[in-house]
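# Report on the structure
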Amino acid sequence: MVNTTIKTTKSQEIFAAAQNLMPGGVSSPVRAFKSVGGQPIVFDHVKGAYIWDVDGNQYIDYVGTWGPAICGHTHPEVIAALHEALEKGTSFGAPSVLENVLAEMVIDAVPSIEMVRFVNSGTEACMAVLRLMRAFTNREKIIKFEGCYHGHADMFLVKAGSGVATLGLPDSPGVPKSATSSTLTAPFNDLEAVKALFEENRDQIAGVILEPVVGNAGFIPPDAGFLEGLRELTHEHGALLVFDEVMTGFRIAYGGAQEKFGITPDLTTLGKVIGGGLPVGAYGGRRDIMSMIAPAGPVYQAGTLSGNPLAMTAGIKTLELLQKPGTYEYLDRITQKLAAGLLQIAQETGHAACGGQISAMFGLFFTSGPVHNYEDAKKSDTAKFGRFHRGMLERGVYLAPSQFEAGFTSLAHTDEDIEQTLAVAREVLSSL
Ligand SMILES: *Cc1c(COP(=O)(O)O)cnc(C)c1O
């Protein structure tokens, strides 16, 4: 049915040249396909649910530029709004009404957010929120979870997920011990471990930060009671609860995982979807806490390009598109069809597998599971995942090149795309 011997000559040439120019040939590690083997493909353009490489091959895309493309790539309304904004200038470095518009949309959508500050990436948002947590509580220690990724700032590079997990790296060289000595870690979904850390570090813990639904160790949802338990524990100990919704914000639900699960953290970080494909991050939360940020308060954080008009425009238009009735029902339906289909096919073809989905986020682990945390996820057959990934790629399906990354769907994915993907998966999984 599908051509399995795709020609990727141009991709290979460009990537070979890139390796002399940039470390590993990429601008961000997971893109290099190290964990799945083989060469990455080099993109030429994207549209809707599809990407085209420089050799002219077309793929159904389940990476969606790692999350932002929830309305589909190059949505005509986003592009039109960007054209209009472009004529007025690419950066002001000064206030614009667009920031008010996006801020109001974010505040209306996300239960915990009463005030927001825009930055340029998820990493920046998480760095800033950590400073704020410490300033507000006047405590230094934080708790994070194994396999959760909060960007590449020093303090978070302890048992971090995403590329760090993918490449099996320990904590990165160059990170001083002093930067991580206040970072405590616990296994995800393990309330007892968190409780013990609070007991051992009484009145020293500023807060707990987590991905409320993990995407950077593969897709791992919270067990019933876990988020509630963290909310209670942080209250009890005078610590802050921070949801890193850089991935889950506007994806798990319009109001993020906090809306979906009905748990309101004190602070929230955002990124990915709110930039609509341009570089944006944000952090926000309770007004009394956010009022500590300069120039309203003493906690310093700034950015030359922060709140820039192009990024604000893409974010506003993307959120407008997501507000249309039925969008999240649609995302949930097609993603459920995909995730359930993949799992069923894997089992029918004799592979140990487990996986799941919430809204437009999904995952499949090559282990019988269940997967409650990163330790469980690491039992996956990553070599098999590599062969699966390559087989899918050669048949026109672009999956995240790591067992430890979640998959993403968009409003542009059709039932036909899902059915085609499942047919390809059956072919590949039967051959593994
Ligand atoms: C992607 C991601 C980040 C980092 O965002 P960047 O924009 O890549 O810096 C932080 N936290 C989570 C949960 C993410 O998924």
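Scroll up for the structure.
Rules used in this analysis
Residues numbered from 1 in each chain as written. Predicted model: local features only at pLDDT ≥ 70, side-chain atom pairs only at ≥ 80, totals over all residues. Heavy atoms only, no water. Axes fitted to C-alpha atoms, helices over the stretch in contact; angles between N-to-C directions. Helix = DSSP H or I, 4+ residues; strand = E, 2+ residues; numbered from the N terminus. Parallel < 35°, antiparallel > 145°, perpendicular 65-115°, else oblique. Left-handed = near helix turned anticlockwise from the far one by under 90°. Contact = heavy atoms within 4.5 Å. Pairing = 2+ DSSP bridges. Phe/Tyr/Trp six-rings, centres within 6.5 Å; stacked < 30°, edge-to-face > 60°. 1 Å grid on protein atoms, 1.4 Å probe; cavity = no way out; pocket = protein on both sides within 12 Å on 5 of 7 lines; lining within 4 Å. Points joined across faces, edges and corners; volume = space filled by probe spheres on them. Nonpolar A, V, L, I, M, F, W, Y, C, P; charged D, E, K, R; others polar. Near = heavy atom within 4 Å. Polar contact = N/O pair within 3.5 Å; in protein donor to acceptor, adjacent residues only side chain to side chain.

Moving on: the packing of helix H2 (residues 76–88) against helix H11 (residues 309–322). A pair of packed helices is captured by two measures, namely the crossing angle of their axes and the spacing between those axes. At a minimum axis separation of 9 Å, H2 and H11 run at an interaxial angle of 150 degrees. In terms of orientation, H2 and H11 fall into the roughly antiparallel class. Considering how the two elements wind past one another, H2 and H11 form a crossing that is right-handed. Contact with H2, carried on its side by Glu77, Val78, Ala81, Leu82, Ala85 and Leu86, involves Leu310, Thr313, Ala314, Lys317, Thr318 and Leu321 of H11 and no other residues of that element.

Turning next to unusual backbone geometry. The residue after alanine 294, namely proline 295, is reached through a cis peptide bond having omega 5 degrees. Position of proline 295 relative to the elements: it lies in the loop between helix H10 (287–290) and H11. Residue proline 370 is bonded to the preceding glycine 369 through a cis peptide linkage, with omega at 0 degrees. With respect to the secondary-structure elements, proline 370 resides in the loop between strand E12 (361–365) and helix H13 (374–377).

Strand pairing in a sheet is mediated by backbone hydrogen bonds. Such pairs are either parallel or antiparallel. The four strands lie next to each other as E1-E2-E3-E13, forming an open sheet whose pairing is mixed. On the outer flanks of this sheet lie strand E1 (43–47) and strand E13 (397–398), each paired with one strand and no other. Judged from the three bridges that link them, strand E2 (residues 50–53) and strand E3 (residues 58–61) form a sheet pairing that is antiparallel. Considered in E3, the bridge of tryptophan 52 is made with glutamine 58.

Attention shifts here to the packing of aromatic side chains. Within the structure shown, the criterion is met by 14 aromatic pairs. Between phenylalanine 43 and tyrosine 398 the ring centres are 5.3 Å apart and the planes differ by 75 degrees, which places this aromatic pair in the edge-to-face class. Taken together, the positions of phenylalanine 43 in strand E1 and tyrosine 398 in strand E13 put the pair 355 residues apart, joining distant regions of the chain. Note on phenylalanine 145 and phenylalanine 188: the rings are 5.9 Å apart at their centroids and 85 degrees apart in plane angle, and the pair reads as edge-to-face.

Now for the side chain of asparagine 308. Relative to the elements of secondary structure, asparagine 308 occurs in the loop between H10 and H11. If we skip the residues at most four places from it in the chain, asparagine 308 touches Thr90 and Ser91.

A water-sized probe rolled over the atoms picks out the places where empty space is left. According to the stated counting rule, one finds two cavities of 30 Å³ or more in the structure shown. Reported here for the largest cavity is a volume of approximately 150 Å³. Surrounding the largest cavity, 14 residues form its lining, Phe362, Leu364, Phe385, Leu399 and Glu405 being those nearest its centre. Per element, the largest residue contribution to the lining of the largest cavity is three residues, and it comes from E12. Taken together, the residues that form the lining of the largest cavity break down as nine nonpolar, four polar and one charged. Taken as a whole, the second largest cavity holds about 40 Å³ of empty space. Around the second largest cavity sit Gly48, Ala49, Asp61, Gly64, Ala69, His73, Arg251, Phe408, Thr409, Ser410 and His413, which together line it.

Let us now look at the site of the ligand. By nearness alone, every residue bordering the ligand is listed as Ser121, Gly122, Thr123, Tyr149, His150, Gly151, Glu211, Asn216, Asp244, Val246, Met247 and Lys272. Contact distances for the ligand include 2.6 Å between an oxygen atom and a side-chain N or O atom of lysine 272. Residue composition of the shell around the ligand, grouped by class: three nonpolar, six polar and three charged.

For the rest of this paragraph, the subject is the sheet that holds strand E8 (residues 240–244). Strands sit in the order E4-E10-E9-E8-E7-E5-E6 across an open sheet of seven strands; the sheet is mixed. With one partner strand each, in any of the chains shown, strand E4 (115–119) and strand E6 (183–186) form the two edges of the open sheet. Strand-to-strand twist in this sheet, taken as the mean axis angle between neighbours without regard to direction, amounts to 20 degrees. For strand E5 (residues 141–145) and E6, the ladder comprises four bridges, and the chain directions are parallel. What sits directly across from isoleucine 142, in E6, is threonine 183. Along the sheet, helix H3 (residues 97–109) contacts E4 and strand E9 (267–270); its crossing angle with E4, the most-contacted strand, is approximately 125 degrees.

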